[in-house]
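# Structural overview
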Amino acid sequence: MRAAFLGPPGVGKGTQAVRLGDKLGLVHICTGDILRQAVAEKTEVGLEAKRYMDAGDLVPDEVVVRVMEERLERADCTRGYILDGFPRTVAQGQALDKVLHEHGQALDKVIFVNAPDDVLVKRLSGRRTCSECGAVFHVDTLPPKVDGICDNCQKPLVLRDDDRAETVRERLRVYHNMTAPLIDYYRDQGLLIDIPGERDIDEVQSMIEEQFSGTIAT
Ligand code: AMP
């Protein structure tokens with residue numbers, strides 16, 4: 001099973017991609033996490049990616065495609081994977097199709113989780129991320145047990161630079177211009193599954209799992 005999550009920033013696709021990966025026993029590959037790790041480790045890719053990420057822009061296709069090609073070659077991908085945050089442009093989608101095709105493979109499903117912009121701005125600016133383990137909380141909808149502290153590792157929670165209100169608006173603009181064309185790209189291939197992202201997290205999870213009912217062992 002090879003599935004990808006598509007949707008605007010803040011719609012909850014990361015949370016759902018992790019849950020689906022756990023349920024299916026498949027690796028969850030988040031491009032944003034890979035890039036953030038590269039930034040933290042100050043690798044060549046990280047140094048290149050940082051200025052785009054801080055501004056809320058997309059990292060250039062050739063950098064992301066190179067990173068993802070390498071990632072998908074790893075042994076943990078042989079049984080399949082759940083992609084989160086890739087592809088994010090039609091050029092990346094075409095590059096992924098090409099790589100998969102060369103291996104006699106294809107994407108099986110694309111889960112498109114959607115919600116209106118005003119809901120997303122509210123969600124993202126209230127999001128708090130653990131500075132240590134990357135766990136995500138929300139001041140209103142998913143508060144930590146102790147204000148400002150991670151439930152898992154007790155380290156401080158921070159507002160990610162790219163979750164600041166002005167950067168969120170830029171990320172949404174980039175999403176509508178650059179990523180939204182992938183909706184038709186995958187709809188035309190018959191792969192797209194529409195999921196309303198405004199609902200409660202567990203409800204969204206159930207709707208997604210229904211789409212994989214043949215794959216999930218009960
Ligand atoms: P995310 O955590 O998925 O919101 O990603 C954070 C940032 O990483 C984005 O705002 C982009 O700057 C960069 N990024 C993540 N995935 C991609 C991608 N597929 N293509 C280009 N840039 C990406």
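Refer to the structure above for everything that follows.
The structure reproduced in this document is the subject of the present report. (Residues numbered from 1 in each chain as written. Predicted model: local features only at pLDDT ≥ 70, side-chain atom pairs only at ≥ 80, totals over all residues. Heavy atoms only, no water.)

### A closer look at the packing of helix α6 (residues 117–125) against helix α7 (residues 165–179)
Packing of α6 against α7 leaves a shortest axis separation of 10 Å and a crossing angle of 140°. When the interaxial angle is binned, α6 and α7 end up oblique. Handedness of the crossing formed by α6 with α7: right-handed. Contacts between α6 and α7 pair D117, L120, V121 and L124 from the former with V168, R171, L172 and H176 from the latter. Tallied by class, residues from the contact of α6 with α7 come to 5 nonpolar, 1 polar and 2 charged. (Axes fitted to C-alpha atoms, helices over the stretch in contact; angles between N-to-C directions. Helix = DSSP H or I, 4+ residues; strand = E, 2+ residues; numbered from the N terminus. Parallel < 35°, antiparallel > 145°, perpendicular 65-115°, else oblique. Left-handed = near helix turned anticlockwise from the far one by under 90°. Contact = heavy atoms within 4.5 Å. Nonpolar A, V, L, I, M, F, W, Y, C, P; charged D, E, K, R; others polar.)

### What to know about the environment of E44
Position of E44 among the secondary structure elements: in helix α3 (residues 44–55). Spatially, the C-alpha atoms of E44 and I183 are 32 Å apart, while their sequence positions differ by 139 residues.

### Considerations on the pairing of strand β5 (residues 127–130)
Alignment of β5 against strand β6 (residues 136–138), held across 3 bridges, turns out to be antiparallel. Residue pairing across strands places R128 opposite F137, the latter belonging to β6. Where β5 folds back onto β6 in an antiparallel hairpin, the turn is made up of 5 residues, including G134, whose phi is positive at roughly 85°. Strand direction decides the pairing type here: β5 and strand β7 (residues 157–158), joined by 2 bridges, are antiparallel. Of the residues in β7, the one forming a bridge with T129 is V158. (Pairing = 2+ DSSP bridges.)

### Let's talk about the nonpolar core
Membership of the largest hydrophobic core comes to 34 residues, with the highest contact counts inside it found for L6, I29, Y81, L83, L96, L107 and Y186. Tallying contributions element by element places helix α4 (residues 61–72) first for this core, with 6 residues. Those residues within four positions of L6 in sequence are excluded, and the remaining contacts are K13, P87, V110, I111, F112, V113, T179, L182, I183, Y186 and L192. By size, the runner-up hydrophobic cluster in this structure holds 21 residues, among which are I82, I111, L120 and F212. (Core = buried A, V, L, I, M, F, W, Y, C linked by side-chain atoms within 4.5 Å. Buried < 20%, exposed > 50% of the residue type's maximum accessible area, 1.4 Å probe, protein only.)

### Side note on the state of the cysteines
Each disulfide consists of a covalent bond between the sulfur atoms of two cysteine residues. Applying the stated criterion across every chain yields a total of 0 disulfides. Cysteine C30 shares no disulfide, and the gap to the nearest cysteine sulfur, in C77, comes to 14 Å. Judged by relative accessible area, which is 12%, C30 ranks as buried. (Disulfide = S-S within 2.5 Å.)

### Re the site of the ligand
Contacts to the ligand come from 16 residues, most closely from R36, D57, G85, R88 and Q92. D57 is positioned with one of its backbone polar atoms (N or O) 2.6 Å from an oxygen atom of the ligand. Interatomic distance of 3.0 Å between a backbone N/O atom of V59 and a nitrogen atom of the ligand. Calculation on the ligand without its partners gives an accessible area of 480 Å², and the protein chains cover 95% of this total. With 4 residues, helix α2 (residues 31–40) is the single largest residue contributor to the shell around the ligand. Here the residues of the shell around the ligand are counted per class, giving 6 nonpolar, 4 polar and 6 charged. (Near = heavy atom within 4 Å. Polar contact = N/O pair within 3.5 Å; in protein donor to acceptor, adjacent residues only side chain to side chain. Areas by Shrake-Rupley, 256 points an atom, 1.4 Å probe, with all protein chains shown as cover.)

### A look at the pattern of salt bridges
Oppositely charged side chains can pair when the atoms bearing their charge come close. Applying the stated criterion across every chain yields a total of 13 salt bridges. Here D54 ties to K50 by a salt bridge, and the two come within 2.5 Å at their closest N and O atoms. Of the two residues, D54 and K50 both sit in helix α3, 4 residues apart, roughly one turn of that helix. Bridged by salt links that share partners, the residues R127, D163 and R171 form one connected network. (Salt bridge = Lys/Arg side-chain N within 4 Å of Asp/Glu carboxyl O.)

Coordinates in, geometry out; function isn't part of it.
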